[in-house]
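# Analysis of the macromolecular model
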Amino acid sequence: MFTHLKDLQFEAKPDGPDAAFARRLQEILGGKWGEMTVANQYLYQGWSCRLPGKYKDLFLDVGTEEMGHVEMIATMITRLLENAPLSLQEAAEHNPMVGAIYGGSNPAHFIHGGGGALPVDSVGVPWNGSYITASGNLLADFYLNVTAEAQGRLQVARLFNMTDDPGVKQMLRFLLARDTMHQNMWMAAIEQLKEDGLEEMPVPDAFPDSSELTEQFGYTYLDFSPGTDAAEGRWASGPAPDGKGQFQYDHSPRAHAPEPVLPPGDPRLYGTNPGMVGKVATKVKSKLT
C-alpha cells in the first residue's frame, strides 16, 4: 500500500541500537499528537463525511498516507531496538556510556513487544481513541487538523535535536516536510470550504444567533486582569476575522446577573446544607429508623 515510502524506509537506517531514543520516538507514534492519532482522525473524518467528492477524498488520502507514517516510525523503533543490550551488565561490559543509554530504555519494548514498537507514548501511556475528533463539521475539523499537524511537527523538530544518527534524522526530515505540506493543505482546505459557501466562521455558521446578544457579547474583549496590555492586541479593536463585526474592548466588565445562591441539596445525599438541623435532620432520621 505504501510503496512510495519503501525506498525512504530502506535508506533511513539507524547507525546502531539506541533503545533510549526508540522510547522517545514512541511519542510521535502513540502520543496524543502522534501518527496513530492523525491517521485515525483523518480516516474517521473521511468515513463520516457527507460530501462526496474532493473533501471526502482529501480525508481518505491523507489518512492513508498517515498510516504509512505509522509504519515508518514503528519500523524505525524496531530497528533501533535491534541488538540492544537486555541487561545492565551486558550494556556496561564494554562501554559505561552504553549502560547509561540502557537506563533510558523502555523495558516494555522487550518484555511486551519482543523488541518491537508499541501503541503507547514515550512514557508508556497507551494510545486511545479519545485522542481523535471527527465532528462532522468540516470547518471545525479542518482547524483542529491544522493544530494536530503543528503539534506533530513541533514534536518531530524537538526529536531531531535529540539524536545524531543520520538515518534517524533522514526519516525525521521527511516527516517534517510532510507536516509542512499538511499544515498548508488544511489551511487551503479552510479557504476552499469558505469559497464553496459551505461553512463560515464562527462554527457552526448555520446556528441562528441572537442578534441582541451577538451585538453585546459576540465581539467584545473582556479585561479581567490588572492593566490594559491586552488592549494593544488585534483582538481588541478593528474588524473581526469573520467580517461580521467590530471588536470592542471592555476594561471594566460588569456582572449581568446576581451572585448565584444554591438551594439546600437533597438530604438523602448528606451534603452540608444550611438548615440541616432541627426538623429537617429529625425527618431524615425518622425515615431511617
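Quick caveat, the model's predicted, so the values are computed rather than measured. (Residues numbered from 1 in each chain as written. Predicted model: local features only at pLDDT ≥ 70, side-chain atom pairs only at ≥ 80, totals over all residues. Heavy atoms only, no water.)

In terms of regular secondary structure, the chain is built from 12 helices and three strands. Intrachain contacts of the chain at a sequence separation of at least 6 include 73% that bridge at least 24 residues. Surface summary for the chain: the accessible area is close to 17,600 Å², and the carbon and sulfur share equals 58%. (Helix = DSSP H or I, 4+ residues; strand = E, 2+ residues; numbered from the N terminus. Contact = heavy atoms within 4.5 Å. Areas by Shrake-Rupley, 256 points an atom, 1.4 Å probe, with all protein chains shown as cover.)

Where helix H4 (residues 35-47) meets helix H9 (residues 138-160), the closest approach of the two axes is 11 Å, and the angle between their N-to-C directions is 165°. One finds that H4 runs roughly antiparallel with respect to H9. Remark: the crossing between H4 and H9 carries left-handed chirality. Facing Val-38, Gln-41, Tyr-42 and Gln-45 of H4, the residues of H9 in contact are Asp-141, Leu-144, Asn-145, Ala-148 and Glu-149. (Axes fitted to C-alpha atoms, helices over the stretch in contact; angles between N-to-C directions. Parallel < 35°, antiparallel > 145°, perpendicular 65-115°, else oblique. Left-handed = near helix turned anticlockwise from the far one by under 90°.)

The subject of this paragraph is the side chain of Glu-199. Topologically, Glu-199 is positioned in the loop between helix H10 (166-195) and helix H11 (211-217). Lys-244 is the oppositely charged side chain nearest to the buried, salt-bridge-free Glu-199, at an N-O distance of 8.0 Å. A polar contact of 3.4 Å, which involves the side chain of Glu-199, links it to the side chain of Asn-137. Polar side-chain contacts of Glu-199 include one of 2.7 Å to the backbone nitrogen of Asp-205. (Buried < 20%, exposed > 50% of the residue type's maximum accessible area, 1.4 Å probe, protein only. Lys, Arg positive; Asp, Glu negative; His and termini not counted. Salt bridge = Lys/Arg side-chain N within 4 Å of Asp/Glu carboxyl O. Polar contact = N/O pair within 3.5 Å; in protein donor to acceptor, adjacent residues only side chain to side chain.)

Mapped onto the secondary structure, Asp-141 falls in helix H9. Distance in space between the C-alpha atoms of Asp-141 and Ile-190 is 9.5 Å, their sequence separation being 49 residues. In this structure, Asp-141 is in contact with Gln-45, Thr-133, Ala-134, Ser-135 and Gly-136, ignoring residues within four places of it in sequence.

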